[in-house]
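Each chain, letter by letter, is given below.
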Amino acid sequence: MPSNMMEWGFVVVFFLLPGTIGAYVAYSKGRNPVLWFLLNALFAPTVMITLFQRPLRTVQGHYRQCPKCSEFSKWRESSCRFCGTALS
């Protein structure tokens, strides 16, 4: 029984955990969470790629796009960190 638990622990730590983290980050950046879950579950180092990607579009509550320079800023910021334009 303990070896069976260790096998499940291995699967959870090395496959499901990176996949879940990658899927959540991808979802918050406007990307397909199912695709990124599979990619991150099979190749755990791709979680770093997921973390450093730019958002694809404005995501309510996470990122918004500056109307002047078209760069993405975090939702809670009141001005663009690149050009200083006020975000509404």
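Here the structure is a predicted model, which means the values were calculated and not measured.

Scoring rules and cut-offs
- Residues numbered from 1 in each chain as written.
- Predicted model: local features only at pLDDT ≥ 70, side-chain atom pairs only at ≥ 80, totals over all residues.
- Heavy atoms only, no water.
- Helix = DSSP H or I, 4+ residues; strand = E, 2+ residues; numbered from the N terminus.
- Rg over C-alpha atoms; globule rule 2.2 N^0.38 Å.
- Buried < 20%, exposed > 50% of the residue type's maximum accessible area, 1.4 Å probe, protein only.
- Contact = heavy atoms within 4.5 Å.
- pLDDT = per-residue confidence, 0-100.
- Polar contact = N/O pair within 3.5 Å; in protein donor to acceptor, adjacent residues only side chain to side chain.
- Patch = residues over 30% accessible without salt bridge, like charges linked within 9 Å, V, L, I, M, F, W, Y side chains within 5 Å.
- Areas by Shrake-Rupley, 256 points an atom, 1.4 Å probe, with all protein chains shown as cover.
- Salt bridge = Lys/Arg side-chain N within 4 Å of Asp/Glu carboxyl O.

A look at the overall build of the protein
1) Next: Counting secondary structure elements, the protein contains three helices and two strands.
2) Next: A compact globule built from 88 residues would reach a C-alpha radius of gyration of about 12 Å, whereas the protein, at 17 Å, exceeds it by more than 25%.
3) Next: Sorting the 88 residues of the protein into buried and exposed places 30% on the buried side.
4) Next: Expressed as a percentage of contacts within the protein between residues at least 6 apart in sequence, the contacts between residues at least 24 apart total 22%.

Some words on the confidence of the model for the protein
1) Next: Per-residue confidence for the protein averages 89 on the pLDDT scale, and 98% of its residues sit at or above 70.
2) Next: Ranking the helices and strands of the protein by mean pLDDT puts helix 2 (residues 33-42) first, with 94, and helix 1 (residues 2-28) last, with 88.

Examining the side chain of Thr46
1) Next: Structurally, Thr46 can be placed in helix 3 (residues 46-52).
2) Next: Among the polar contacts made by the side chain of Thr46, one reaches the side chain of Asn40 at a distance of 2.6 Å.
3) Next: Filtering out sequence-adjacent residues up to four positions away, Thr46 remains in contact with Leu39 and Asn40.

Digging into a nonpolar patch on the surface
1) Next: Nonpolar side chains collect at one region of the surface, where Phe10, Val12, Val13, Phe14, Phe15 and Leu16 lie side by side and expose about 530 Å² of accessible area between them.
2) Next: Inspection of the secondary structure assignment puts Phe10 in helix 1.

Things to note about the side chain of Ser73
1) Next: As for its position among the elements, Ser73 is in strand 2 (residues 72-74).
2) Next: Here Ser73 is in contact with His62, Tyr63, Arg64, Cys80, Arg81 and Leu87, once residues within four sequence places are set aside.

A word on the environment of Pro67
1) Next: Structurally, Pro67 can be placed in the loop between strand 1 (63-65) and strand 2.
2) Next: The exposed category is assigned to Pro67, whose relative accessible area is 68%.
3) Next: Residues Pro67 and Ser88 lie 21 residues apart in sequence; the distance between their C-alpha atoms is 9.5 Å.

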